[in-house]
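Listed here are the chains, written in short residue letters.
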Amino acid sequence: MRLVIAHLYPAEMNIYGDTGNVIALSRRLEWRGIDAVVERIAVGDPYDFTAADVVVAGGGEDRAQLAVAADLQRRAGDIREAVAAGTVFLTICGTYQLFGHRFVTHDGDEMPGIGVFDLETHGGDERMIGNIVLDTEWGPLVGFENHSGRTFLGEGQQPLGMVRKGYGNNERDFDEGAVAANAFGSYLHGALLPKNPAFADELLRRALVQRHGDDAVLGPLDDGVERAAADAAATRP
Amino acid sequence: MLRLQIAIAAGRLAGRASQLLGRGGSAVPGLVAERIDPRLIDRLVASIPRVVVVTGTNGKTTTTKLLVGMLESAGRRVVTNPTGSNLARGVATRLIEVARRGRVDTDIAVFEVDEAAVRALGPRLRPAVTVVTNLARDQLDRYGELDTTAAHVRSALEHAAIAVLNADDPMVAGLAGTAGADRFFGGSDPVRAQMPDDRTLYGDAGGPRPGPEPSVLVRAAEPAGEGQRAALTVDGEDLEVRLLLPGVYNAYNAAAAVAAATALGVEAAVAAGAAAGVVPAWGRGQTVEYRGRRVRLLLVKNPAGFNQAIRLLAGEEPGAQVMISINDHTADGRDVSWLWDARVEDLAGTGHRFVTSGTRALDMAVRLKYAGAAAEWAEPDPRTALDRFVDGVAAGGTATLVPTYTAMLDLLHLLQPDTHRREAWT
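Computed from a predicted model, the values in this text were never measured in an experiment. (Residues numbered from 1 in each chain as written. Chains lettered and ligands numbered in written order. Predicted model: local features only at pLDDT ≥ 70, side-chain atom pairs only at ≥ 80, totals over all residues. Heavy atoms only, no water.)

A.B. asks: Outline the interface of chain B and chain A, supporting the account with residue identities and numerical values.
C.D. replies: Note: interface size is frequently given as the accessible area lost on complex formation between the parts. At the interface, 27 residues of chain B touch 37 residues of chain A. Both sides of the chain B and chain A interface together cover about 2,800 Å² of buried area, and 51% of this is carbon and sulfur. Taken together, chain B and chain A are joined by 4 salt bridges. The residue A:R236 makes a salt bridge to B:D328 at a minimum N-O spacing of 2.6 Å. Looking at the side of chain B that touches chain A, the elements with two or more residues in it are α7 (140-143), α8 (146-157) and α15 (361-371) of chain B. Broken down by element, the residue count for the side of chain B that touches chain A peaks at 7 residues, all from α15(B). (Contact = heavy atoms within 4.5 Å. Buried area = accessible area lost by both parts, 1.4 Å probe. Salt bridge = Lys/Arg side-chain N within 4 Å of Asp/Glu carboxyl O. Helix = DSSP H or I, 4+ residues; strand = E, 2+ residues; numbered from the N terminus.)

Put into structure tokens, the structure is as follows:
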């Protein structure tokens, strides 16, 4: 058995250790005897998203986000089709924002998104920085947020979780991230998946079922260190 | 002038009071004096014939130390700021200490300046030479984006007569043409391949040298004892440099220092010879005796620096004992996501033994587990961890500590309890 992990914009959108998400997914497959194939997709690279089982993308600097926004527009139809077909996506920070309808800068300029999630983001003056803890369907998630954009979910858009500590999508609503079919968006760095193994396995389980059917199972792993690290991180100021 | 004299006196008094209170703190005198006379630095610097600024992400402290050694070997009287005290207040504190009647009597001043503070300090120091060691992503919760840091450094270079630039670092080479004149240092292709810049770190393949052919070139660097032997070519002249500092990155620091020293009129052979006498700065490749063991410290602050330490460790004999200590205080960067950007995978299969400590000991243990180099244990408390770690090292043996900034201060305090905390993050 094997799964294909597509790392979208590994060079452009990866300044906060979000590569850790790709590492976590790959190792957790390999430890169970499942081959993990990582494919790197740069701006401009042709890519057929039906080949991917999990698509992972991270956060980047403003300049990189602009380059990526234009590239995403060209892939918008393909990505929306893949989401509709049940491909698993995990988008963090800058790419999470671009998976919404639009990013409106402080000066009123608009950077269009691809509308996978029903949300929009507004540039702010003050960055929201710090350790963050969420409550989600898959248990608590622990990470670190660092963003100036305020994201507002549309009516009926499901968040990833509710904020127990930290800011989340914005400082008003106490929600964090977004979920649509098997596509997930979040502001959490850390990286997110290594310290939240139950959530990492939820992504893998969905991808396995999509590719190999309902009887595909993920065996258990010893996640003692990961859980201890998450507990410790949750207590940091 | 009276205001300046009062500011200096008040600063000194505040410094003495702070020491009596056992606070150490190299920032206090500068902080107090600058409040009384905001132009204190400008006024005191005006009496110094030449000023050198050393900035960049990694290697500032070591490059400063090397350059000071080279200038002193050439008979120059040098004033420099204490290790790590690299904001305006650190510079002001040092100037106050050495000022006599409102003047500083020296031939030259060499200041290490934080890459975010350099924008404001650049025009005030009007340096003859500004050295930019490298620019890499560093503590994004504190410094912000790399483009912003590069813009700070560019703005500072407009006030420098000569820029000494890393020809192999695309962000630094891109600053060419900003100062009055440029002088480049760099490595031969095999040396350069061992110093991945920020872009290669984040997935772009290494290509041709981004800057011009360097005037000071590291042709080769080989480990020797606890340090190394580096072959340099300085303006066409081949020289050998012995360093007490390990790692190819320190050969680059030596090249940067030689490029600056020779730009200031020091003979290349004198500069190269002086490098041999420079001992590592606090925690930067420094080795200390502790309970009958030799304990080496390799400070890491960001993924690029961590990769340099990893490369050094990966090249050593199997069986090295390594404790990685990761703290998440403000001076370390509160976000430890950067651990995932470092090539920790290169430690797998080295045959080394790893343990972790610090406030984020468990985060580092997770990182090592996913890299295939699992830690034997993780203990957040520095004292408990250090004792347990050293107990596992044979008497007479060698061990390596890889700490972040405040973890290094914690460990040095335990390793050398009698030594005053000279260095304080300011």
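A.B. asks: Break down helix α14 (residues 303-314) of chain B for me, citing the residues and quoting the values.
C.D. replies: The end-to-end C-alpha separation of α14(B) is 16 Å, in line with the 16 Å expected for 12 residues at 1.5 Å each. All of the buried residues along α14(B) are B:P303, B:A304, B:G305, B:F306, B:N307, B:Q308, B:A309, B:I310, B:L312 and B:L313. (Expected span 1.5 Å × (residues − 1). Buried < 20%, exposed > 50% of the residue type's maximum accessible area, 1.4 Å probe, protein only.)

A.B. asks: Please give an account of the packing of helix α1 (residues 19-30) of chain A against helix α4 (residues 197-212) of chain A that cites residues and values.
C.D. replies: Residue and element names in this part refer to chain A. At their nearest, the axes of α1 and α4 sit 10 Å apart, and the two run at 75 degrees to each other. One way to sum up the angle between α1 and α4 is to call them roughly perpendicular. Facing L25, R28 and L29 of α1, the residues of α4 in contact are P197, A200, D201 and L204. In the contact of α1 with α4, the residues fall into 5 nonpolar, no polar and 2 charged. (Axes fitted to C-alpha atoms, helices over the stretch in contact; angles between N-to-C directions. Parallel < 35°, antiparallel > 145°, perpendicular 65-115°, else oblique. Nonpolar A, V, L, I, M, F, W, Y, C, P; charged D, E, K, R; others polar.)

A.B. asks: I'd like to hear about the sheet that holds strand β7 (residues 119-122) of chain A, residue by residue, with values.
C.D. replies: Residue and element names in this part refer to chain A. Taken in spatial order, the 4 strands line up as β6-β5-β7-β10 in an open sheet, and their pairing is mixed. Every interior strand has two partners, whereas the edge strands, β6 (110-112) and β10 (150-153), have only one. Within the sheet, the average angular offset between the axes of one strand and its neighbour, ignoring direction, is 20 degrees. Two strands pair when backbone bridges link them, and β7 and β10 are joined in this way by 4 bridges, in the antiparallel orientation. (Pairing = 2+ DSSP bridges.)

A.B. asks: Could you give an account of the nonpolar core, naming the residues involved and the relevant values?
C.D. replies: Membership of the largest hydrophobic core comes to 72 residues, with the highest contact counts inside it found for A:F49, A:L72, A:I79, A:F89, A:F117, A:L193 and A:F199. A total of 8 residues in this core trace back to one element, the largest contributor, which is helix α2 (residues 62-84) of chain A. In contact with A:L193, not counting residues within four places along its chain, are A:N21, A:A24, A:L25, A:L90, A:F199, A:A200 and A:L203. Counting 70 residues, the second largest nonpolar core, distinct from the first, contains B:L67, B:A128, B:A260 and B:A373. (Core = buried A, V, L, I, M, F, W, Y, C linked by side-chain atoms within 4.5 Å.)

A.B. asks: Which residues make up the packing of helix α4 (residues 60-73) of chain B against helix α13 (residues 268-275) of chain B, and what are the values?
C.D. replies: All names here are of chain B. Interhelical geometry of α4 versus α13 gives an angle of 125 degrees and a closest axis separation of 8 Å. It follows that α4 is oblique to α13 by the angle criterion. Handedness of the crossing formed by α4 with α13: right-handed. Contacts between α4 and α13 involve L66, G69, M70 and S73 on the former and, on the latter, V270, A271, A274 and A275. When grouped by side-chain class, the residues that make up the contact of α4 with α13 number 6 nonpolar, 2 polar and no charged. (Left-handed = near helix turned anticlockwise from the far one by under 90°.)

Fair warning: the whole summary comes from geometry, so function is off the table for now.
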